[in-house]
Amino acid sequence: MRGRRLSLFWAACAVAGALLVAFVVLPAASMIAGAGAGFLGEALRQGDIRRSLWLTVSAALIATAIAFVVGVPLAYLLARRDFVGKRAIEGIIDLPIVFPHTAAGIALLMVWGRDGIMGRLLAPFGISFTETVAGIVLAMLFVSLPFLVDTSRETFALVDERYEHVARTLGSSPGGAFLRVTFPQAWRGVLAGAVLMWGRGISEFGAVVILAYNPKVISVLTFELFEGFGLRAAQPPAVLIVIVAFVVFLVVRTVLLPRRGRSRKGSA
Amino acid sequence: MIGLRGVEVAAGAFSVGPLDLDVPAGEYAVLLGPSGAGKTLVLEALAGVRRVRAGRLFVDGADVTRLPAERRRVGLVFQDGLLFPHLSVAANVAYGFHRGNGERTGWLRRPSAERLAQLAEEVGITHLLKRRPQTLSGGERQRVALARALAARPRALLLDEPLSAVDVEAREELQEVLRSVCRREGLTVLHVTHDRAEAFALADTCALLVDGTLRQTGRPQDVLRWPADEAVARFLGARNVVRAVRDESDARLAHLATGVALRVADPLPAAAVDLVMRPEDVEVWPVGAAPPGAANRLRATVVRLVLQGGHVLVGAESPAPMEALVTARRAEDLGLRVGAAVELTVAPACVHSIPTT
Amino acid sequence: MRRNERSALRSGSAAAAALAVAAAVALCLLVALAGCGGKQRQVKLIYAGSLIVPFERLATEFERTHPGVEVLTESHGSIQVLRHVTELGDRFDLAVSADEQLIPPLMYDRVDPDTGKPYASWYCTFATNRMVLAISPKSPLAGELTAENWYGRLTGSDVRFGLADPRFDAAGYRALMVLQLAEGEYDDPYLFEDMMMGRFTSPVTVTRDARGVDVIEIPEILETQAGSGVVLRGASIQLVALLESGDLDCAFEYESVARQHGLKYVRLPSAIDLGEAARRAAYRRVEVKLDSRRFASVKPVFRGDVIRYAFTIPANAPDPGLAGDLAAFLLGADGRRILEADFQPVLTPPTLDHASAAPQEVRQACGGSR
C-alpha cells in the first residue's frame, strides 16, 4: 500500500520532468535535424561562421577567466564573512541577471564607450571597447558573472569552515588555508559555476550587439543571417554553437560526475 | 603554559566569561562542563580562530591575544577529527611540516619521511599512512588528527571532546595514547569534555565550566570530593543534595527539613547550607544491622533499583530522597528489592557542605 | 506504525496533488497568454528604418483618427524589409522601401508559394531624400569637416565613420555610390580606393565595364577589419545611436535622419548626393553588385539613381481594406504634413508603377496614373 502511494508522487515528478525535458529537446532537435550533416559541413567551410564560432567560444573563455580571478575571492569572502552591506553586495552581484540584456549593453556603452568615463580614461592607451573583442568580453563578463560568483559562494559555504581553522593552527595563513584546504574541496563546484558562466556568455546577444556588433559573435551572426538571408542561412551557425556547447557540457560533467560519491564533507 | 585573564568570548547572543585560568607548563588540564557551556568557544579563542571580546590569552608566557592563529603554535584536535578529505593520511599529518625545520625537502617540498614515520609510530598509525581519511574508523581518525597536530610542533595542545565520537572499546586505548604522547612531548594540554570519567582518567587539573563561568579548579579527586557549589556537585554526579540548617549549639550538626540530623566532620561555615553526599559514600544495611558507631543513620525504603553493570544504584526515600551506589554483589547479599526497608549510613567525613547562595 | 504510514501516505499524495495543480495553473497561464491577441483590428506595417521618426508619428495619428485600429510596426534595412515579406513569409499590410528599384526584383519576380502569384504587382513612389555626411556632436571633427575636405579627412586613421551594410540596407550601397561618384566630382580617381582600402577582410573593388559604368563589387562575406575605422551596421538608422554616443565621428546618412536628430552634417554636392532628379544620368554611371553566391535570392545589382521611396500593399496582406486606408492616409494631407514636419521630402504628386494593379484608394490619392 505504502509503496504504491509513494510511486504516484514519483510518477508525477517524472511526468513534470519529462515535459520540461521535451520542451528543451524539441526545438534543439528540430533545428539540428533541419540543418542536416552535409549542410553543417558546408557551414564549417564558411570563413565567417568559423571565425565567429572561434571568437564566441574564446571570448566567453576569456570572460570566464577574468571572472574566475576576480570573482572567486569575492565568492569566498561572501561565504565566510559577515559585514555591513553584505546583502546589498550580494544583490548587486545578482543585478546583471535581471538587467534586460540590451539595457545592459547601453549601460556598458555609457561607461566604456568612447565618450564614457572608462572609455576616455583608456583611449590614450589605445584601448577601445566598442567594435572590438574587448567589448565582447566585457559584455559577456557583465551578464554572466553572477553565475560564477553565486555558484562558487554556495560551494565555499558548503566546505566546513573548521577545516580552515585546523589548517591555520597548523601554520597556514588564511590564504594558504584557502589554497591548500578549501579550494581543493570546492573546485568542482567552482568549475561547474565557470562552465555555466561560459555557456551563458556564448549565448549572449543583447549586450554584445549594442557594445560590439563587430566582430560578430555567433548569436549576432545568426541574427544577421536570419534577417538578411532567411531561416536556412541562420540554421548552421546556430546549430554549430549548440553542438559545441553541448559537447563541452557533456565532457565537463563526465569529468566532474564520477567523483560525486566521495565528497561527504565533515565525515573525516 | 596556557593562561586566560579575564577572557570573554561571544558568539551571537551567547557569551562565556570572564574567565581566569592558568595551566602550568607540561600539565594536562581538562575543562569540564555540560554541553553548551561554551567550552568550544574558549578553545577557538585560544587557537586564534575566534576573537575575544575582552581579556588576554597567554601561551608559554607570551601574550598571544593579538597574534594571528598561524603564529600561535597551538594545536587543535576536534571531536570529529576533521581530517582533510582530499589528502591521504600521510599528507594530512605532514600538512604542518615546515621547510625551515628540514621537514620539507627539495624544490617539490616533499615531507620528510623520517619525521612522518616517527610521528606515525608514536601515535600508532604507521599502517594507515597510505589510506584516505574516509576509510578510517573513529579511533583511527582521532589518532591521525593527533599526529597532524603534533607534526606542527605546537607549544600547547587543545582538544575539543576528542573521544566523544570514538566507540567505547577504542576510547580507553586512545586515552592511553593521549596521556603517553602528551607526557612524552611535555605538552601543555587543555582538553575539553563533558565526560567526567574521561576527565578523571586524564587530568592533572580539572576546571569546571558551568553556565559560562569557571566555578572551580583543582585536582580531579579534590573537585569530586569538595564541589564548590550545587551546580558543580550535580554535574559531577553528586545526586544527594539536601538543604540543611546548622544547629545552634553544635556547628558540626545539621538539621534537615525532614527532622533528620546529620553529623559532619568539619564545622559548618554558614547557618544554611547544602549538604552533598556521593552515592558511593552511602552504605546500605538491613534494618538494625548498621554498625552501632555510625554517626549518621537513616531509615529508608527502597523505591528504585537501577542496575549499572557491576553496580546497583539504590534509590530510597528516607523520607528525603537518597541514592546509594552498591556493588551488585552486595545488593544480592542484601536481597534488595523495591519496597524493602533498609538503613543508610554516611560517614561524617563524606558529608560535604556548600554554603547556599 | 499504521499512523505513521497513513500520514506518509497523506503527505505523499498531497505532494502529488500540489504538483498537479501547479502544472495545471501553469498550462492555463500559457494558453491565456497565447490567446491574448486583443479584439482590435490590426494593420501591420513594415518599413525602411530611415523613416522611423515620421512613421511612428504617422502610426499614432492613424490610430487616433481610426479608433479601434491598432498599427503594428517593424523597421529594418530596405532590402530586409522586402525579404521579410517574400523569404520569411511574414504577412504585412504595407511594405515601405527606401529604394523603389528593389520592389520589382524582390516582389514582382518572386512568387508566393501559397497563392502561386507574385508577392506584389505595383508600387507607389512617394518620397525622396539625399545622402549627407552626418557628424557626431562629440567628435573633434565637428568643426573641421566641410564639403571640400571631407573625403580627404575620412581616410585619417583617427577617424571612425559609419556605413550601412550594402547587403541589407539601401543606404549602404548608396553611400558606396556617393564615394564612387565623388571621384568624378573632386577629380580624384583614387578616392574610392583610398577610402576603402584595408577596411574589409575581403576587399570591395570597382571596375569600369563596357558600358562605362563603374561597378562596385561587394564580396560575399563583408567583414570589417579590426581597428579599420569603418563601422558597419545592418540598418543606417542604427548608426544614429553611435553618433550620439560619440562612438562614431561621422556616418553616411539620409538628410532627413540627420535633421530629425539635430545632427550637424556636411551637405554633399548634388552631383553625388543622389538627391537631384535632374542628375539622374550622372547617378546612373555607378552600380553596386553583390557577390552573393551563397544566398542568391536577390538579383544582386543595384543601379545608381535618384533616391525614391516606394511602398506597396503585398498580395497576401492580412487586411487589404485597412491597408488601403493607411496608404491613403500616408499619401493624403495628414501624411504629407507629418512627413514634411520631420524633414522628409515628399513627392507631389506621388507616382504609380503598374497603376492598373493598384487599389482604388491609392489611385485616387495619386490623382491619376502613369
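To continue, consider the overall build of chain A. Regarding its fold elements, chain A presents 12 helices and 0 strands. Secondary structure elements of chain A occur, N-terminal to C-terminal, as α-α-α-α-α-α-α-α-α-α-α-α. Out of the 268 residues belonging to chain A, those deemed buried represent 39%. Once local pairs closer than 6 in sequence are excluded, the contacts in chain A between residues at least 24 apart make up 78%.

Moving on, we get to the overall build of chain B. Across its full length, chain B carries 9 helices and 22 strands. Reported as C-alpha extents along the three principal axes, the dimensions of chain B are approximately 85 × 45 × 35 Å. By the burial criterion, 42% of the 357 residues in chain B qualify as buried. Considering only contacts within chain B whose residues lie at least 6 apart along the sequence, 65% involve residues at least 24 apart.

Residues and elements named next belong to chain C. The strand order across the open sheet built from 5 strands is β9-β6-β10-β5-β11, with neighbouring strands paired in mixed fashion. The open sheet has two free edges, formed respectively by β9 (230-233) and β11 (264-267), since each of these has just one partner strand. Shown here is a sheet whose adjacent strand axes are inclined to one another by a mean of 35°, direction ignored. Relative to β9, strand β6 (residues 161-164) runs parallel, the two sharing 4 bridges. Bridge pairing in β9 places Gly162 opposite Val231.

Before going further, it helps to spend a moment on the domain arrangement of chain B. Domain parsing of chain B yields domain 1 (2-230) and domain 2 (238-355). When grouped by side-chain class, the residues that make up the side of domain 1 of chain B that touches domain 2 of chain B number 2 nonpolar, no polar and 3 charged.

What follows concerns the interface of chain A and chain B. Taken together, the 18 residues of chain A in the interface contact 24 residues of chain B. Contributing elements (two or more residues each) for the side of chain A that touches chain B: α8 (161-169) and α9 (174-202) of chain A. Broken down by element, the residue count for the side of chain A that touches chain B peaks at 6 residues, all from α8 of chain A. Looking at side-chain class alone, the side of chain A that touches chain B contains 6 nonpolar, 8 polar and 4 charged residues.

The next thing to look at is the domain arrangement of chain A. Residue and element names in this part refer to chain A. The domains assigned to chain A are domain 1 (1-35) and domain 2 (47-262). Relative to domain 2, the C-alpha centre of domain 1 lies at a distance of 30 Å. Residues of the side of domain 1 that touches domain 2, tallied by class, amount to 4 nonpolar, 1 polar and no charged.

Below, the discussion takes up the interface of chain A and chain C. At the interface, 25 residues of chain A touch 30 residues of chain C. Listed by contribution, the elements that provide at least two residues to the side of chain A that touches chain C are α1 (2-35), α3 (47-80) and α11 (218-229) of chain A. Among the elements that line the side of chain A that touches chain C, the one with the most residues is α1 of chain A, at 7 residues. Among the residues making up the side of chain A that touches chain C, the classes are represented as 10 nonpolar, 7 polar and 8 charged.

All names here are of chain B. Sheet architecture is open: 4 strands sit in the order β2-β1-β4-β5, paired in antiparallel fashion. Only two strands of the sheet have a single neighbouring strand rather than two, namely β2 (14-23) and β5 (62-63). In this structure, strand β4 (residues 54-59) lies alongside β5, joined through 2 bridges in antiparallel fashion. When the sheet's bridge partners are listed, Val59 is paired in β5 with Ala62.

Turning our eyes to something else, we now look at helix α2 (residues 52-65) of chain C. Between the first and last C-alpha of α2 of chain C there are 20 Å, a value that for 14 residues agrees with the 20 Å anticipated at 1.5 Å per step. On its buried side, α2 of chain C packs onto β1 (41-48), β2 (69-76), α9 (255-260), α11 (320-331) and α12 (333-341) of chain C.

So, about the nonpolar core. Residues Ala139 of chain A together with Leu190 of chain B are the most contacted members of the largest nonpolar core, which totals 168 residues. The element contributing the most residues to this core is helix α7 (residues 133-158) of chain A, with 13 residues. Listed in part, the 108 residues of the second largest apolar core include Leu58, Tyr123, Val230 and Leu232 of chain C.

Right, let's talk about the packing of α8 of chain A against α9 of chain A for a bit. Residues and elements named next belong to chain A. At their nearest, the axes of α8 and α9 sit 9 Å apart, and the two run at 120° to each other. By the angle between their directions, the pair α8 and α9 is classed as oblique. Here α8 and α9 pass one another in a crossing that is right-handed. Listed contacts from α9 to Tyr163, Glu164, Ala167 and Arg168 of α8 are Pro174, Ala177, Arg180, Val181 and Thr182. Across the contact of α8 with α9, the residue classes tally to 5 nonpolar, 1 polar and 3 charged.

Residues and elements named next belong to chain C. Counting through the fold element by element, Ser139 comes out in the loop between β5 (131-135) and α5 (150-153). We classify Ser139 as buried; it has 22 C-beta atoms within 10 Å. Distance from Ser139 to Asp291, taken between C-alpha atoms, is 35 Å for residues 152 residues apart in sequence. Once you skip the residues sitting within four places of it in the chain, Ser139 turns out to touch Gly246, Asp249 and Cys250.

Residues and elements named next belong to chain B. Among the 6 residues of strand β11 (residues 205-210), 6 are classified as buried, and the element is accordingly described as predominantly covered. Residues of β11 alternate between two faces, with Thr205, Ala207 and Leu209 on one and Cys206, Leu208 and Val210 on the opposite face, all of them buried. In this structure, strand β3 (residues 28-32) lies alongside β11, joined through 4 bridges in parallel fashion. Note that in β11 the partner of Leu32 across the bridge is Leu208.

Residues and elements named next belong to chain C. Note: strand β7 (residues 205-208) against strand β8 (residues 214-218), 4 bridges, orientation antiparallel. Residue pairing for β8: Val206 is matched across the bridge by Ile216. Hairpin connection between β7 and β8: a loop of 5 residues separates the two successive antiparallel strands, and Gly212 in this loop has a positive phi of roughly 85°. Inspection of the sheet shows β8 paired to strand β12 (residues 286-290) by 5 bridges, in the parallel sense. When the sheet's bridge partners are listed, Asp214 is paired in β12 with Val286.

Of all 2 pairs of chains that touch, the greatest number of contacts is found between chains A and C. The closest approach of any C-alpha atom in chain B to one in chain C is 30 Å; the two make no contact.

Attention now moves to helix α5 (residues 101-112) of chain A. With 12 residues, α5 of chain A extends 16 Å from end C-alpha to end C-alpha; this agrees with the ideal 16 Å at 1.5 Å per step. Burial in α5 of chain A covers these residues: Ala104, Gly105, Leu108, Leu109 and Trp112 of chain A. Down the axis of α5 of chain A, the sector holding all buried residues measures 140°, keeping them to one side. On the buried face of α5 of chain A, the contacting elements are α4 (86-98), α6 (117-122), α7 and α10 (206-211) of chain A together with α8 (238-245) of chain C.

Take the environment of Gly116 of chain A next. Residue and element names in this part refer to chain A. On the secondary structure map, Gly116 appears in the loop between α5 and α6. Overall, Gly116 belongs to the buried group, with 21 C-beta atoms counted inside 10 Å. Along the sequence, Gly116 and Val209 sit 93 residues apart, while their C-alpha atoms lie 18 Å from each other. Residue contacts for Gly116: discarding those within four places in its chain leaves Met110 and Val111.

Once that is clear, we can look at the packing of α3 of chain A against α9 of chain A. Residue and element names in this part refer to chain A. Packing of α3 against α9 leaves a shortest axis separation of 9 Å and a crossing angle of 140°. The angle between the axes of α3 and α9 places the two elements in the oblique class. Judged by the sense of rotation from one axis to the other, the crossing of α3 with α9 is right-handed. Residue-level inspection shows Thr56, Val57, Ala60, Leu61, Ala63, Thr64, Ala67, Phe68, Val72 and Tyr76 of α3 in contact with α9, the latter providing Phe178, Val190, Ala194, Met197, Trp198, Gly201 and Ile202. Among the residues forming the contact of α3 with α9, the class breakdown is 14 nonpolar, 3 polar and no charged.

About the thresholds
- All residue numbers refer to positions counted from 1 along the written sequence of the respective chain.
- Throughout, the order in which chains and ligands are written sets their labels, letters from A for the former and numbers from 1 for the latter.
- Thresholds applied to this predicted model are a pLDDT of at least 70 for local features of residues and 80 or more for the giving and counting of side-chain atom pairs; totals over whole chains, interfaces and linings are not thresholded and use all residues.
- Helix and strand definitions here come from DSSP, where helices need a minimum of 4 consecutive H or I residues and strands a minimum of 2 consecutive E residues; each element is numbered from the N-terminal end.
- Buried means a residue has 20 or more other C-beta atoms within 10 Å of its own C-beta, exposed means 12 or fewer, and partly exposed covers the counts in between; C-beta atoms are placed from the backbone.
- C-beta atoms are first placed from the backbone for all residues, and any pair lying within 7 Å is then listed as a contact.
- In this analysis, strands are considered paired if DSSP registers two or more bridges between them.
- To obtain each axis, a line is fitted to C-alpha atoms, and for helices this fit is confined to the stretch in contact; angles are then taken between N-to-C directions over 0 to 180 degrees.
- The domain limits used here are those given by an automatic or database domain assignment.
- The residue classification treats Ala, Val, Leu, Ile, Met, Phe, Trp, Tyr, Cys and Pro as nonpolar and Asp, Glu, Lys and Arg as charged. All others, Gly included, are polar.
- Expected span of a helix: the number of residues minus one, times 1.5 Å.
- Think of a nonpolar core as buried Ala, Val, Leu, Ile, Met, Phe, Trp, Tyr and Cys residues, each tied to the set through C-beta atoms within 7 Å.
- Angle categories are assigned with fixed cut-offs, so that under 35 degrees is roughly parallel, over 145 is roughly antiparallel, 65 to 115 is roughly perpendicular, and the rest are oblique.
- Crossing handedness is defined as follows: a turn of the near helix away from the far one that is anticlockwise and smaller than a right angle gives a left-handed crossing, while the clockwise case is right-handed.
- By construction, the arc corresponds to the directions joining the helix axis to the C-beta atoms.

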